[in-house]
There are 2 protein chains.
Amino acid sequence: MRKVVLGLGISLDGYIARPDGAVDFLFMPKDYSMAPFFATVDTAVMGRKTLEAGLKMTGGKFDNYGIKCYVMSRTQPPGEHDGYEFTHQTPEALIAEIRKQPGKNIWMMGGGKLAREFLKADLIDALEIGVVPTLIGEGIPLFPAGFPQREFKLVECKAFSKGLLVLKYERARKKASTKK
Amino acid sequence: MRKVVLGLGISLDGYIARPDGAVDFLFMPKDYSMAPFFATVDTAVMGRKTLEAGLKMTGGKFDNYGIKCYVMSRTQPPGEHDGYEFTHQTPEALIAEIRKQPGKNIWMMGGGKLAREFLKADLIDALEIGVVPTLIGEGIPLFPAGFPQREFKLVECKAFSKGLLVLKYERARKKASTKK
């Protein structure tokens, strides 16, 4: 089954962005490449604010590596705009729809509130988190409070230059719930 | 100089305890030992609630490995009670006093609000954090918001059985501020 992978960079205190959305504290060291990750996904799902933050960061357009991008928004009209597929669907409905088609994994890009909705619905199958060695002191959390406990299995932890730590986890569901 | 090391176990979403103080989600795998850490410290500093949670967890008394324990409390009378040294001092004053004596490193045991006071005063020299592979969804954060940005250097990341991850960082202070 196509996995939903929550993949994001965070501060050491767990923030995906500063209170104003800035992500200047994140960095990508030369010895780290997202290419292997991109090779495993062909679809991305994000909230509208994450899209806007991403566009701001990259000066107008994600280099989306041919990835199909869904933007979950309550305020924007559904349908394709500028290469992004806007949708009003719930996380469950959207992921079910995507999974009707064969394909690679699905990248859940955030933000935190949307990640929480996905965790509530137990849709997150894996985590791939880059942790920078900085406590920023305040910001937008990757895991805002308010979802049931979820167990994971540590798959990999790897340190890159400048202290970037990349952690990979897979959801460890109880047998009973995987039988459904 | 005797370093102040913030050393704690946390959930993958950054909590040191559940909202009611329970730490049932933490665990200590057989291949991990705190002995090497204990060998580097001879003094511990904690908040009153952390002391009480610790006592509750261990059924009445920390096995303190001969470590001198300071409990920072605004409500308890200062002085020694039951082998713990209670104090009304500020973090700065307490750490300055401890450092007047030669000795090993100083273990900052939390809780989160006290860790924040220490981070505000830039007293944390190192982090040693055990991360369990569980998102608990809500709780008492290790790094509650409200302190200035602090840079660290990743020193070590090591995985133990059951997915416990132990991360070691050292404070990376700018040259100017270390000259004071």
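Here the structure is a predicted model, which means the values were calculated and not measured. (Residues numbered from 1 in each chain as written. Chains lettered and ligands numbered in written order. Predicted model: local features only at pLDDT ≥ 70, side-chain atom pairs only at ≥ 80, totals over all residues. Heavy atoms only, no water.)

Participant: Requested: an account of the relation of the copies chain A and chain B, with residues and values cited.
Facilitator: With an RMSD of 0.0 Å, chain A superimposes on chain B once it is rotated by 180° and translated 0.0 Å along the axis. As the rotation angle and translation indicate, the two copies are arranged about a two-fold axis. Mapped onto chain B, 100% of the interface residues of chain A are again interface residues, and the two copies thus contact each other with one and the same surface. (Least-squares fit on C-alpha atoms with pLDDT ≥ 70 in both. Contact = heavy atoms within 4.5 Å.)

Participant: Any chance you could break down the environment of Glu-92 of chain B for me, citing the residues and the numbers?
Facilitator: Residue and element names in this part refer to chain B. Following the sequence through the fold, Glu-92 ends up in helix 3 (residues 91-100). We classify Glu-92 as partly exposed; its relative accessible area is 42%. Each C-alpha atom of the pair Glu-92 and Asp-122 lies 9.1 Å from the other, and the pair is 30 residues apart in sequence. For Glu-92, the contacting residues outside a window of four places in its chain are Ala-121 and Leu-123. (Helix = DSSP H or I, 4+ residues; strand = E, 2+ residues; numbered from the N terminus. Buried < 20%, exposed > 50% of the residue type's maximum accessible area, 1.4 Å probe, protein only.)

Participant: Please set out the interface of chain A and chain B residue by residue, giving values where relevant.
Facilitator: Accessible area lost upon the coming together of the parts serves often as the stated size of an interface. In this assembly, 29 residues from chain A lie in contact with 29 residues from chain B. The junction of chain A with chain B conceals about 2,400 Å² of combined surface from both sides, 65% of it contributed by carbon and sulfur atoms. Contact with chain B buries surface across chain A, with Leu-12, Leu-135 and Gln-149 of chain A losing the most and accounting together for 24% of the total. Linking chain A with chain B are zero salt bridges, by the criterion used here. Put simply, the parts of the chain that give the side of chain A that touches chain B at least two residues each are strand 8 (126-131), strand 9 (134-135), strand 11 (150-159) and strand 12 (165-171) of chain A. Among the elements that line the side of chain A that touches chain B, the one with the most residues is strand 11 of chain A, at six residues. Within the side of chain A that touches chain B, the residues separate by chemical class into 19 nonpolar, five polar and five charged. When strand 11 of chain A meets strand 9 (residues 134-135) of chain B, the two strands line up antiparallel, connected through two bridges. (Buried area = accessible area lost by both parts, 1.4 Å probe. Salt bridge = Lys/Arg side-chain N within 4 Å of Asp/Glu carboxyl O. Nonpolar A, V, L, I, M, F, W, Y, C, P; charged D, E, K, R; others polar. Pairing = 2+ DSSP bridges.)

Participant: Account for the sheet that holds strand 4 (residues 68-72) of chain B, naming residues and giving values.
Facilitator: Within a sheet, adjacent strands bond to each other through the backbone by hydrogen bonds, running parallel or antiparallel. In space, the ten strands of this open sheet follow the order 9(A)-11(B)-12(B)-8(B)-1(B)-7(B)-3(B)-4(B)-6(B)-5(B), with mixed pairing throughout. Edge positions in the sheet fall to strand 9 of chain A together with strand 5 (79-81) of chain B, since each has one partner strand and no second. Examined bridge by bridge, strand 3 (residues 41-47) of chain B and strand 7 (residues 105-108) of chain B share four bridges and lie parallel to one another. When the sheet's bridge partners are listed, Val-41 of chain B is paired in strand 7 of chain B with Asn-105 of chain B. Packed onto the sheet, helix 2 (residues 48-58) of chain B meets strand 3, strand 4 and strand 6 (84-87) of chain B and runs at close to 105° relative to strand 3 of chain B. Its contacts with the sheet put helix 3 of chain B on strand 1 (4-10), strand 3, strand 4, strand 6 and strand 7 of chain B, and the angle it makes with strand 4 of chain B is roughly 165°. (Axes fitted to C-alpha atoms, helices over the stretch in contact; angles between N-to-C directions.)

Participant: I'd love a proper account of the pattern of salt bridges, names of residues and values included.
Facilitator: Residue and element names in this part refer to chain A. Taken as a whole and judged by the stated rule, the model has 26 salt bridges over all chains. Ionic pairing is found between Glu-170 and Lys-3, a salt bridge with its closest N-O pair at 3.3 Å. Here Glu-170 is found in strand 12, whereas its partner Lys-3 is found in the segment before strand 1 (4-10), with 167 residues between them in sequence. For Glu-170, a relative accessible area of 31% corresponds to the partly exposed category. Within the structure, one salt-bridge network assembled from shared partners comprises Arg-99, Asp-122, Asp-125, Arg-150, Arg-171 and Arg-173.

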